[in-house]
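Remarks on the overall topology
These are the residues of each chain, in order.
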Amino acid sequence: DAAQTRELMKRSDVCYLSEVMNYPGVINGDREVMEKIAAAKAAGKPVDGHSPGLLGDALLTYINAGISTDHECITIEEARQRVANGMKVIVREGSAARNFDALADIIDEAPSMTMLCSDDKHPDDLVEGHIDAMVRRGIGRGIPVWKLLKAAVVNPVKHYSLPSGLMKVGDDATFIAVDNLTDFNVRQTVIGGAVVYDTEQGGLIEPALMLS
């Protein structure tokens, strides 16, 4: 409930209020829903949205309540309306909902206002690719690689105030090294300054070797 949400928002390991699925409650000013949003805003944390098909005045009401993102767009018009009104669009490609092809142009048009997600991806599909697969598909469509990487990497870190990922002075060294900016085959993975995967060392590195 709203009281519990207020307490959770005080925690440093809670970065945002996850998708507000009750969009009719937001539009109609439901007290419990609005108090949850207010708790996140008071804590200075973003609020994720969930508003399939919402357009026009109803969408403006939803955005003006403090909802900062939406991953439920299925048409480019939905995406463009959200971006035009200051809401970030999270382009989704999961196992059931697959919206990348319909929405890819918004990444090219508004790279600062887009992010990428899977939103429910089955383990067997994860083996075939995750966010990296979306970046490769975008490159195949002719979207500039730096726009894709901004959506995939930079925007989420900034939007959610995540404690790593931008490789700034003082950040934890958490990154991947790839062989090229087309295929994105991972050569090395570093987490918190420790090399945990390296193709030249045979792949995954045992914890004992990491410590040595």
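All values derive from a computational prediction rather than experimental measurement.

**Topic: the overall build of the protein chain**
Along the backbone of the protein chain there are 10 helices and nine strands. Residues counted as buried form 39% of the 212 residues belonging to the protein chain. When contacts within the protein chain are restricted to residue pairs at least 6 apart in sequence, long-range pairs at least 24 apart make up 53% of them. Carbon together with sulfur atoms contributes 54% to the accessible area of the protein chain, which is approximately 11,500 Å² in total. Taking the average location of the 21 positive side-chain charges in the protein chain and that of its 31 negative ones, the two points are 6 Å from each other.

**Here we look at the sheet that holds strand E8 (residues 194-198)**
Strand order in the open sheet formed by four strands is E6-E7-E8-E9, and the pairing between neighbours is antiparallel. Two strands close off the open sheet at either side, each with one partner strand: strand E6 (175-178) and strand E9 (203-204). Pairing of E8 with E9, which is carried by two bridges, proceeds in the antiparallel orientation. Bridge pairing in E9 links Tyr-197 to Leu-204.

**Topic: the layout of surface pockets**
Counted as a void, the largest pocket has a volume near 1,200 Å³. Forming the boundary of the largest pocket are 42 residues, of which Ile-131, Ala-152, Val-153, Val-154 and Ile-176 lie nearest the centre. Those elements giving two or more residues to the lining of the largest pocket turn out to be strand E1 (17-20), strand E5 (114-117), helix H7 (123-128), helix H8 (131-140), helix H9 (145-160), E6 and strand E7 (186-191). Per-element tally for the lining of the largest pocket: the top contributor is H9, with nine residues.

Cut-offs used in this document
Residue numbers run consecutively from 1 along every chain, following the written order of its sequence. With the structure being a predicted model, the display of local features is reserved for residues of pLDDT at least 70 and the display and counting of side-chain atom pairs for 80 or more, all residues being used for whole-chain, interface and lining totals. Excluding hydrogens and water, the side-chain values take into account all heavy atoms of the structure. To qualify as a helix, a DSSP run of H or I must reach at least 4 residues; to qualify as a strand, a run of E must reach at least 2; elements of each kind are numbered from the N terminus. Remark: exposure states derive from per-residue accessible area (1.4 Å probe, protein chains only) relative to the maximum for the residue type, with buried under 20%, exposed over 50%, and partly exposed in between. Contacts were defined at the residue level, with two residues in contact if any of their heavy atoms lie within 4.5 Å. To be clear on the numbers: accessible area is Shrake-Rupley with a 1.4 Å probe, and residue cover counts the displayed protein chains and nothing else. Working convention for charge: Lys and Arg count positive, Asp and Glu count negative, and His plus the chain ends are omitted. Taken as the charge location is NZ of Lys, CZ of Arg, CG of Asp or CD of Glu. Here, strands pair whenever DSSP counts at least two bridges between them. Only protein atoms enter the calculation, which uses a 1 Å grid: trapped sets of points that fit a 1.4 Å probe without letting it out are cavities, open sets showing protein on both sides within 12 Å along at least five of seven lines are pockets, and any residue with an atom within 4 Å of a point is a lining residue. Grid points are joined across faces, edges and corners, and a volume is the space filled by probe spheres set on the points.

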